[in-house]
Amino acid sequence: MTKKYQEIHQLTDNPFLNLYEMDALDTKGKAFHYYFASRNDAQHIKLKTKSLKAEGIVIYAVTAEPAPRLVLIRQYRYPLDAFLYELPAGLVDGDETPGMAAAREMKEETGLDFTEYTGGSACWRRPFFMGAGFTDETSASVFGTVSGSVSDAFVEDTEEIQVILADKEKVRQILESERVSMRGAYLMMHFLNAKEPFAFLNV
């Protein structure tokens, strides 16, 4: 494939997210400026490495009950100046596996203990791109069950989080009327339609 850009310039230097300017080329070879964000430094942005390593994870976790409830969080999001319903999520640190990151993030955000479920098709666990029009970030889904008690003892001061253990009626109500993240919404739809919590992983 013909190269579609000339140079890439890192415009910011922040620890978690940076803005890049690309000297891109259109289909006629004309140059224009294209901007994207990445969690990677200039040497490790995806167009250079071609890596599919997940920067982040989202956690589909249910309670170990005869009628399982889905673990949701209602979190204040600064760009919206509003609360958003989501599934617990976070970044993969260093050499962590997605499962290790999920256990750590679940504990930090909810106080609950997480046990990873590894059944079903592995293809649902591979990293997928978040929004390739503006970022090269990939995220993997991690599935499992939770135990213990909800606690805010481990939540960071920059996070304002409410934990909800939602049955299907509550999940439906949230989807119908509340602000919900896209990846959270899709997994909540699976929860609503699955006779067993992880049945959709066998497809």
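What comes next concerns the included structure. (Residues numbered from 1 in each chain as written. Predicted model: local features only at pLDDT ≥ 70, side-chain atom pairs only at ≥ 80, totals over all residues. Heavy atoms only, no water.)

## Some words on unusual backbone geometry
Phi angles above zero are rare outside glycine, and Lys 50 is one such case at about 60 degrees. Residue placement: Lys 50 occurs in the loop between helix 1 (46-49) and strand 4 (56-63). Judged by relative accessible area, Lys 50 falls into the exposed class, the value being 64%. Non-glycine residue Asp 81 carries a positive phi angle of around 50 degrees. Its place among the elements puts Asp 81 in the loop between strand 5 (70-77) and strand 6 (82-86). What makes Asp 81 exposed here is its relative accessible area of 57%. (Helix = DSSP H or I, 4+ residues; strand = E, 2+ residues; numbered from the N terminus. Buried < 20%, exposed > 50% of the residue type's maximum accessible area, 1.4 Å probe, protein only.)

## So, the layout of surface pockets
Each pocket or cavity is described by its volume, and for the largest pocket that value is around 1900 Å³. In terms of lining residues, the largest pocket is bounded by 50 residues, among which Arg 39, Arg 77, Ala 89, Met 130 and Arg 183 are the most central. Every element with two or more residues in the lining of the largest pocket is listed here: strand 4, strand 5, strand 6, strand 7 (89-91), helix 2 (98-110), strand 9 (128-129), strand 10 (138-147) and helix 4 (182-193). Per-element tally for the lining of the largest pocket: the top contributor is helix 4, with five residues. Approximately 310 Å³ is the volume attributed to the second largest pocket. Met 22, Phe 36, Leu 47, Ala 132 and Asp 136 are the residues nearest the centre of the second largest pocket, which is lined by 15 residues in total. Taken together, the residues of the lining of the second largest pocket break down into nine nonpolar, two polar and four charged. (1 Å grid on protein atoms, 1.4 Å probe; cavity = no way out; pocket = protein on both sides within 12 Å on 5 of 7 lines; lining within 4 Å. Points joined across faces, edges and corners; volume = space filled by probe spheres on them. Nonpolar A, V, L, I, M, F, W, Y, C, P; charged D, E, K, R; others polar.)

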